[in-house]
Amino acid sequence: MLDISFARSALPKSGALVLLAEEEGEPDAIRAAADHATGGAVTRALETTEFKPRPGKSCTILAPGAGLSRIVVVGIGKRAELKPRTAEEAGGAIAAALQREPAAAVAAAQLTPELAAALAAGAALRSYRFDRYRTNEKPEDRPKLAKLIVLSPDHTRIRDAWAALRPVVEGVHLARDLVSEPANVLNPAELAERCRALETLGLKVEVLGPRELAKLGFGALLGVSQGSANEPRMVVMHWNGASGGVTSGGVTSARGKRARATRPLAFVGKGVTFDTGGISIKPAQGMEDMKFDMAGAGTVIGLMAALAGRQARVDAIGLVGLVENMPSGTAQRPGDVVKTYSGQTVEVINTDAEGRLVLADVLWYTQEKLDPRCIIDVATLTGAMVISLGHDYAGVFSNDDELAQRLHAAGEATGEKVWRMPLAESYDKLIKSDIADMKNVAGRPAGAITAAQFLQRFVNGKPWAHLDIAGTAWATKDNAVVPKGATAFGVRLLDRLVAEYYES
Ligand code: BES
Ligand code: MN
Ligand code: ZN
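Criteria and cut-off values
Residues numbered from 1 in each chain as written. Chains lettered and ligands numbered in written order. Predicted model: local features only at pLDDT ≥ 70, side-chain atom pairs only at ≥ 80, totals over all residues. Heavy atoms only, no water. Donors = N, O, S within 2.8 Å, 3.2 Å for Na, K, Ca; no water. Tetrahedral: all angles 85-135°; square planar, octahedral: opposite > 155°, others 65-115°. Helix = DSSP H or I, 4+ residues; strand = E, 2+ residues; numbered from the N terminus. Buried < 20%, exposed > 50% of the residue type's maximum accessible area, 1.4 Å probe, protein only. Near = heavy atom within 4 Å. Polar contact = N/O pair within 3.5 Å; in protein donor to acceptor, adjacent residues only side chain to side chain. Areas by Shrake-Rupley, 256 points an atom, 1.4 Å probe, with all protein chains shown as cover. Nonpolar A, V, L, I, M, F, W, Y, C, P; charged D, E, K, R; others polar. Expected span 1.5 Å × (residues − 1). Pairing = 2+ DSSP bridges. Axes fitted to C-alpha atoms, helices over the stretch in contact; angles between N-to-C directions. Contact = heavy atoms within 4.5 Å. Phe/Tyr/Trp six-rings, centres within 6.5 Å; stacked < 30°, edge-to-face > 60°. Right-handed = clockwise from strand over helix to strand, strands pointing away. Salt bridge = Lys/Arg side-chain N within 4 Å of Asp/Glu carboxyl O. 1 Å grid on protein atoms, 1.4 Å probe; cavity = no way out; pocket = protein on both sides within 12 Å on 5 of 7 lines; lining within 4 Å. Points joined across faces, edges and corners; volume = space filled by probe spheres on them. Parallel < 35°, antiparallel > 145°, perpendicular 65-115°, else oblique. Left-handed = near helix turned anticlockwise from the far one by under 90°.

(A) Representation of the coordination of the zinc ion (ligand 3) in the model. Bound to the zinc ion (ligand 3) on the protein side are Lys270 (NZ), Asp275 (OD), Asp293 (OD) and Glu354 (OE), at distances that span 2.0 to 2.4 Å. Around the zinc ion (ligand 3), the six donor atoms sit at angles spanning 79 to 175°, and that spread fits a shape best called octahedral. Between the donor residues of the zinc ion (ligand 3), the gaps in sequence give the motif K-x4-D-x17-D-x60-E. Separating the zinc ion (ligand 3) from the manganese ion (ligand 2) is a gap of 3.1 Å, bridged by aspartate 275, which donates to each. Here lysine 270 is found in strand 11 (residues 265-275), whereas its partner glutamate 354 is found in the loop between strand 14 (345-348) and helix 10 (355-369), with 84 residues between them in sequence. Taken individually, lysine 270 and glutamate 354 each receive the classification buried, so the pair is uniform in this respect.

(B) Structural view of the site of ligand 1. Taken together, 16 residues lie around ligand 1, and Lys282, Asp293, Asp352, Glu354 and Gly383 are the ones closest in. For ligand 1, an oxygen atom lies 2.7 Å from a polar atom in the side chain of aspartate 352. Contact distances for ligand 1 include 2.6 Å between an oxygen atom and a backbone N or O atom of glycine 383. Summarising the interface, the protein chains cover 77% of the accessible area of ligand 1, which totals 520 Å² for the free molecule. The residue inventory of the shell around ligand 1, partitioned by class, reads five nonpolar, four polar and seven charged.

(C) Summary view of helix 3 (residues 84-97). Taking 1.5 Å per residue, 14 residues should reach 20 Å; helix 3 reaches 20 Å between its end C-alpha atoms and fits that length. Where helix 3 is concerned, the buried positions are Arg85, Ala87, Glu88, Ala90, Gly91, Gly92, Ile94 and Ala95.

(D) Focus on the sheet that holds strand 11. Spatially, 7-8-12-11-15-19-16-17 is the arrangement adopted by the eight strands of the open sheet, whose pairing is mixed. Edge strands, defined here as strands with exactly one partner in the open sheet, are strand 7 (204-208) and strand 17 (418-420). Each strand of the sheet is rotated relative to its neighbour by a mean of 20°, with strand direction disregarded. Relative to strand 15 (residues 374-379), strand 11 runs parallel, the two being bridged by five bridges. Within strand 15, the residue paired with glycine 269 across the bridge is valine 378. Those strands touched by helix 10 are strand 8 (233-240), strand 11, strand 12 (315-325), strand 15 and strand 19 (464-468), and its axis lies near 155° from that of strand 11. The strands touched by helix 14 (residues 447-456) within the sheet are strand 15, strand 16 (394-398) and strand 19, with strand 19 carrying the most contacts at an inclination of about 145°.

(E) Representation of the packing of aromatic side chains. Counted under the stated rule, the structure contains seven aromatic pairs. Relative to tyrosine 365, the ring of phenylalanine 218 lies with its centre 6.0 Å away and its plane at 75°, an arrangement referred to as edge-to-face. A residue pair is termed long-range when its members are at least 10 positions apart, and phenylalanine 218 in the loop between helix 7 (210-216) and helix 8 (219-225) and tyrosine 365 in helix 10 qualify at 147 residues. Ring centres 5.3 Å apart and planes at 35° place the aromatic pair phenylalanine 454 and phenylalanine 458 in the tilted group. Given a relative accessible area of 0%, phenylalanine 454 falls into the buried group.

(F) Representation of the coordination of the manganese ion (ligand 2) in the model. Within the protein, Asp275 (OD), Asp352 (O), Asp352 (OD) and Glu354 (OE) serve as the donor atoms for the manganese ion (ligand 2), at 2.0 to 2.2 Å. Classification of the site at the manganese ion (ligand 2) rests on its six donor atoms, whose angles at the metal span 71 to 169°, yielding the label irregular. Here the donor residues of the manganese ion (ligand 2) share one chain and are spaced in sequence as D-x76-D-x1-E. Residue glutamate 354 is classed as buried on the basis of its relative accessible area, which comes to 1%.

(G) Local environment of the pairing of strand 5 (residues 103-107). Among the five residues in strand 5, four count as buried, and that is most of the element. Of the pairings in the sheet, the one linking strand 2 (residues 15-23) to strand 5 comprises four bridges and is parallel in character. Bridge pairing links valine 18 to valine 106 in strand 5. Pairing geometry for strand 5 and strand 6 (residues 147-151), over five bridges, is parallel. By the bridge assignment, alanine 107 is partnered in strand 6 with leucine 151. What joins strand 5 to strand 6 is helix 4 (residues 113-126), and the crossover it makes is right-handed.

(H) Examining the pattern of salt bridges more closely. If you walk through the whole model with that rule in mind, you get 31 salt bridges. Glutamate 89 serves as the salt-bridge partner of arginine 85, at 3.1 Å between the closest nitrogen and oxygen. Here glutamate 89 and arginine 85 lie together in helix 3, a separation of four residues that amounts to about one turn. The exposure class assigned to glutamate 89 is partly exposed, which follows from its relative accessible area of 32%. Residue glutamate 181 is joined to arginine 194 by a salt bridge in which the shortest nitrogen-to-oxygen separation is 3.3 Å. Here glutamate 181 is found in the loop between helix 5 (155-180) and helix 6 (188-196), whereas its partner arginine 194 is found in helix 6, with 13 residues between them in sequence. Overall, the relative accessible area of 21% leaves arginine 194 in the partly exposed class. It is possible to trace a salt-bridge network through shared partners that takes in Arg85, Glu88, Glu89 and Arg492.

(I) Inspection of the sheet that holds strand 14 at higher detail. Across the sheet, which stays open at both edges, the three strands sit in the order 13-14-18 with mixed pairing between neighbours. Two strands in the sheet have a free side with no partner beyond their single neighbour: strand 13 (336-339) and strand 18 (438-439).

(J) Just empty space enclosed by the protein, in detail. One pass over the structure, following the stated rule, counts one cavity of 30 Å³ or more. In this structure, the largest cavity occupies an estimated 40 Å³ of space. As for the largest cavity, its lining consists of Gly223, Val224, Gly278, Ile279, Asn325, Met326, Ala331, Gln332 and Thr351. When its residues are assigned to classes, the lining of the largest cavity shows four nonpolar, five polar and no charged.

(K) Broad picture of the packing of helix 4 against helix 5. It is the contact of helix 4 with helix 5, at a shortest axis distance of 8 Å, that shows an interaxial angle of 25°. The angle between helix 4 and helix 5 places the two elements in the roughly parallel class. For the pair helix 4 and helix 5, the sense of crossing is right-handed. Between helix 4 and helix 5, the residues in contact are Pro113, Ala116, Ala117, Ala118, Ala120, Ala121, Ala124 and Leu125 and Arg157, Ile158, Ala161, Trp162, Leu165, Val169, Val172, His173 and Arg176, respectively. Its residues assigned to classes, the contact of helix 4 with helix 5 shows 14 nonpolar, one polar and two charged.

Pasting the structure below:
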């Protein structure tokens, strides 16, 4: 991760300098000093380019003198209107503009500690790159920015504010790493090992393999997995931050009875490490994208790492169902009927509608064994979701208005936006089967909704929300704080949800 440090305000003697320009504000002391040291280069450049200091606008001055390699002036708009989200985006723009510089200093005296830390987070988020498998990239082609120094008289308070954000950025980076990994490397067993490694953060991690899952009766998850040579896993990650210390989900009282300090939040992720479609095989074109079909699990894992990393005062459990969906001589056939862990039976009309089968068993386990306050699942569930909302908003489906509203608010605050979609009896009817309790697909109409209706049959009426991130888990172009590739959509959203509404 980008190395971020903090220091008191002083004009740097070398390297790159970033100045923040406000609408209607006085230039700060460093800007005046930089202008003076460069013989008025800053003022000249801003006048020549008729620079407007609006968010998203910047002006670069190369080799301005005074030993500096460049000065970048970044617009932040009106200071009174500045939100953490805008500061984050400014940080992202700074990281993008300074790729060619090994180190940069940002003069941030105009910002509150909260906003300056948000700017640092934006820069760190935007600087992410997955380069594990590049062996011969020319050094000059590689982004250089490794160090960002935030300059402010308030630098110690900014450092404290950053300490709370940093684990969330690390959680995002972890999720992006997992989603970027190719499926030959990241199979269910390997993904489970990566979860287990998070025990060092204070999470308690349980891993269930095929024999344990069979014993429980996870017929739907195992049906998806049966065509693959790679064994399935389910991973359960516990974070006990509210009751203090990590326990197996409860604390033992003086009388030896198990009593829980607070009921946990449960987060459930779809972890299909590769989705070929199975026997209902997908077309070759674009199939390589389906390594990202474990992005819901990636988000849940990144979130759990973030909560543990920042010692969130909450009890939370993350569960991921990990399988590979392959066609083979042992694969599930269209028309097969499987018995889910809930006891309900499913006619598998299309083996490519596998995510809901995996989630069915994990959701039932969650509500049955963990007594959660609410359940939020995250999944790259349907192509229909991409058709509905494109790549800007994820769909949220919920049986709980308050939870849906909270998710919406957290989305607006973090920029990981969600839009509520309907659930209704009339949609639920569409998944009736002639020979089993339900079938796993309806027709093409309302495909994202009928998938959500399917999931709802496995939450047993408990408060629940489903995020379909099929359109938002992967970006094909750079965004303000998200470089193209795996987005880790949902990590920041759900971290915010927890911080805002559930921490004690
Ligand atoms: N993983 C896919 C959904 C998906 C498609 C995510 C495109 C991201 C981009 C899911 O398992 C799937 O294949 N869904 C089918 C369901 C259909 C068979 C009812 C789909 O959306 O086509
Ligand atoms: Mn599929
Ligand atoms: Zn899938």
